[in-house]
Amino acid sequence: MITPTRTLIAEALKSSAQGKEITVKGWVRSKRGAKNVAFIALNDGSTIHNIQIVADPAAFPEELLAKVTTGACIRATGTLVESLGSGQPVEIQAKDIEIYGEADPTDYPLQKKGHSLEFLREIAYLRPRTNTFGAVFRIRHAMAFAIHKYFNDNGFYYLHTPLITASDAEGAGAMFQVTTLDMANPPRTEDGKINYEEDFFGKHTSLTVSGQLEGELGALALGQIYTFGPTFRAENSNTPRHLAEFWMIEPEVAFYGLQEDMNLAEDFLKYLILYALDNCADDLAFLEKMYDEELTARLRSVVENDFVRLDYTEGIEILKTAVQKGHKFEFPVDWGLDLQSEHERYLVEKHFKKPVILINYPAGIKAFYMKQNTDGKTVQAMDVLFPRIGEIIGGSVREESYEKLKAKIHAEGMSEQELWWYMDTRRWGSAPHAGFGLGFERLILFVTGMANIRDVIPFPRTPKNAEF
Ligand code: 4AD
Ligand code: MG
């Protein structure tokens, strides 16, 4: 065990060791008081709650207490005593205060008054010091931990798939190119094209949009794997649900069909949400009070209800009936068209009032690798649709037949050569298998009740925005 150099405020507030001397270190949230007493609210990030430090102005130099302003970083050592004021069980009677870093009140941007989330995005380097972002990032941590725990407890292996890839084939979206070539003067081939043979990897490379294809290679050897890493998409979608850099969790399991894939997705999501309810109660209570009074009720309802499992074709029928009855959607509804988030949310929020797993989508709107159904029209795709979010998970059974996969790749005008290694797994020891991708930030959006995906990742990357 490491030797602590301070008591975490989370621990101090739980402590019954009253009368004991402790040291806390953190950032001042506020100072108030009268001539004969100063109350300092201190936060160290270990909990949403501040500890109150009571200082007798007569016992400290005036210049020192003057530097204890909102945002300053201090150490306080003193006796932990029962608090007389309401709102906290214990407080610290300060014996010694040290200033680590001042925060001049005339220019420190985070004052005690509430700031808008938009303003806080502009100062994303400081926003972790606010209650809101402290709560969101603690919950984000808890969810990451719970994801690893869930898979480890269920016998899955964490597989690290590459971030730089030469295959453009996943079809999940536009990619960011990775190159060390001189953009002003790139080497050219005889016919005038950029000569990527001279690039760092000797070929054209990009940042990955998904770890799935390599994840499948792992599943076809280790049996059940998951990835959990950053993915990159260069679409220009400026929405509250899209990031250019986001984290994705992708389990991939040998010998799974569509039912098992759905069962895994539902069990996994319920486990994570229950984990948050059980382990992040203080932070959830704060977010519920500040932003979303239905937050924990919504989380509980997802944990307690079976998800609806529905064919895409039936989903389209429900949406068409809604249109006939006068419901207005911005985008058209027709068999063969992809669902927009307004359609997904109609099914979930208005029609069923619980999460929906939509399956068997038209082949034409889904990726080349999805297992083809015998109807010749649909594939064994599976999207999990959530209240307020729309699509939170996208997955499928994978086509394991070499011949069908080859025909599909040709039909889509893709390069078989580029995917030779993927194709080879269908030649040797091919197996039925399935998996899905959970967008980590969409999960955090749902669990925290925040409205914008930019507010659930510490440093968001979106079109025209890569600050910090
Ligand atoms: O549906 P998608 O594109 O699926 C895949 O990438 C598959 N390879 C997954 C698999 O089967 N292994 O993305 C999966 C999930 C979406 O459901 C969504 O939650 C999230 O990733 N996602 C995004 N999240 C934030 N910003 C974006 N631009 C996102 N695009 C997808
Ligand atoms: Mg999808």
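Predicted model only: the values in this text are computed from it and were never measured.

Participant: Please explain the overall build of the protein as it appears in this structure.
Facilitator: When helices and strands are tallied, the protein shows 13 helices and 16 strands. Based on the C-alpha atoms only, the size of the protein along its principal axes is roughly 85 × 60 × 45 Å. By residue count, 49% of the 468 residues in the protein fall in the buried class. A total of about 22,800 Å² of accessible surface is found on the protein, and carbon and sulfur atoms cover 52% of it. A distance of 5 Å separates the average location of the 50 positive side-chain charges in the protein from that of its 65 negative side-chain charges.

Participant: What is the right way to read the side chain of T462 from this model?
Facilitator: Topologically, T462 is positioned in the segment after α13 (440-448). Here T462 falls in the buried class, since its relative accessible area comes to 8%. For T462, the residues in contact, after removing those within four places along its chain, are H242, L243, A244 and R454.

Participant: In this structure, what is going on with the domain arrangement of the protein? I would like to understand it.
Facilitator: Accessible area lost upon the coming together of the parts serves often as the stated size of an interface. Domain parsing of the protein yields domain 1 (9-113) and domain 2 (127-174 + 209-455). One C-alpha centre belongs to domain 1, the other to domain 2; they are set 44 Å apart. With ten residues of domain 1 at the interface, the matching set in domain 2 holds eight residues. Here domain 1 packs against domain 2, burying approximately 770 Å² in sum over the two surfaces, 48% of which is carbon and sulfur. Counting the surface domain 1 buries against domain 2, the share from its top three residues, R29, I48 and L110, is 63%. The tally of links from domain 1 across to domain 2 stands at zero salt bridges. For the pair domain 1 and domain 2, the number of links is five residue pairs in polar contact (both at pLDDT 80 or more). The residue makeup of the side of domain 1 that touches domain 2, split by class, is four nonpolar, five polar and one charged.

Participant: Help me understand the site of ligand 1 in this model?
Facilitator: Taken together, 22 residues surround ligand 1, and among them E170, Q212, R233, E250 and E391 come closest. Contact distances for ligand 1 include 2.7 Å between a nitrogen atom and a side-chain N or O atom of Q212. Within the side chain of R398, one N or O atom sits 2.9 Å away from an oxygen atom of ligand 1. Protein chains bury 92% of the 630 Å² of accessible surface belonging to ligand 1 in isolation. Only β11 (245-254), β15 (390-397) and β16 (433-439) provide two or more residues apiece to the shell around ligand 1. If one sorts the elements of the shell around ligand 1 by residue count, β15 sits on top with five residues. Residues that form the shell around ligand 1 fall into these classes: eight nonpolar, seven polar and seven charged.

Participant: Any chance you could explain unusual backbone geometry here in plain terms?
Facilitator: Glycine aside, residues mostly have negative phi, and peptide bonds are mostly found in the trans state. Here the phi dihedral of F255 falls at roughly 70°; this positive angle occurs in a residue that is not glycine. Within the element layout of this structure, F255 appears in the loop between β11 and α6 (258-279). A relative accessible area of 63% places F255 in the exposed class. Although it is not a glycine, K464 sits at a positive phi angle of roughly 65°. Checked against the element boundaries, K464 lands in the segment after α13. On the accessibility criterion, K464 (88% relative accessible area) is exposed.

Participant: In this structure, what is going on with the pairing of strand β3 (residues 51-55)? I would like to understand it.
Facilitator: Two faces make up the sheet, and in a regular strand the side chains alternate between them. In terms of burial, β3 is a largely internal element, five of the five residues being buried. Every second residue of β3 is oriented toward a common face, with I51, I53 and A55 on one face and Q52 and V54 on the other, all of them buried. Across five bridges, strand β2 (residues 37-43) lies against β3 in antiparallel orientation. Note on β3: the bridge partner recorded for I40 is I53. Here β3 pairs with strand β5 (residues 90-101) via three bridges, running parallel. Residue pairing for β5: V54 is matched across the bridge by Q93.

Participant: Is there a simple way to think about helix α8 (residues 295-304) in this case?
Facilitator: Given 3.6 residues to a turn, an α-helix orients residues that are three or four positions apart in the same direction. Within the span of α8, buried status applies to L295, R298, L299 and V302. Along the long axis of α8, the arc covered by the buried residues comes to 100°, so they all point the same way. Contacts made by the buried residues of α8 are with α6, α7 (281-290), β14 (378-386) and α13.

Participant: When you look at the nonpolar core in this model, what are you seeing that I'm missing?
Facilitator: Among soluble globular proteins, nonpolar side chains are generally buried collectively. Judged by nonpolar contacts, the single largest core of 69 residues is most densely connected at M143, F386, I392 and L443. Both of domain 1 (9-113) and domain 2 (127-174 + 209-455) provide at least three residues apiece to this core. Beyond its immediate chain neighbours, meaning those up to four positions away, F386 contacts L269, I273, V302, F307, V348, P355, I392 and F446. One finds Y346, F368, V379 and L405 within the second-largest nonpolar core, a separate group that totals 30 residues.

Criteria and cut-off values
- Residues numbered from 1 in each chain as written.
- Chains lettered and ligands numbered in written order.
- Predicted model: local features only at pLDDT ≥ 70, side-chain atom pairs only at ≥ 80, totals over all residues.
- Heavy atoms only, no water.
- Helix = DSSP H or I, 4+ residues; strand = E, 2+ residues; numbered from the N terminus.
- Buried < 20%, exposed > 50% of the residue type's maximum accessible area, 1.4 Å probe, protein only.
- Areas by Shrake-Rupley, 256 points an atom, 1.4 Å probe, with all protein chains shown as cover.
- Lys, Arg positive; Asp, Glu negative; His and termini not counted.
- Charge placed at Lys NZ, Arg CZ, Asp CG, Glu CD.
- Contact = heavy atoms within 4.5 Å.
- Domains from an automatic or database assignment.
- Buried area = accessible area lost by both parts, 1.4 Å probe.
- Salt bridge = Lys/Arg side-chain N within 4 Å of Asp/Glu carboxyl O.
- Polar contact = N/O pair within 3.5 Å; in protein donor to acceptor, adjacent residues only side chain to side chain.
- Nonpolar A, V, L, I, M, F, W, Y, C, P; charged D, E, K, R; others polar.
- Near = heavy atom within 4 Å.
- Pairing = 2+ DSSP bridges.
- Arc of directions from axis to C-beta.
- Core = buried A, V, L, I, M, F, W, Y, C linked by side-chain atoms within 4.5 Å.

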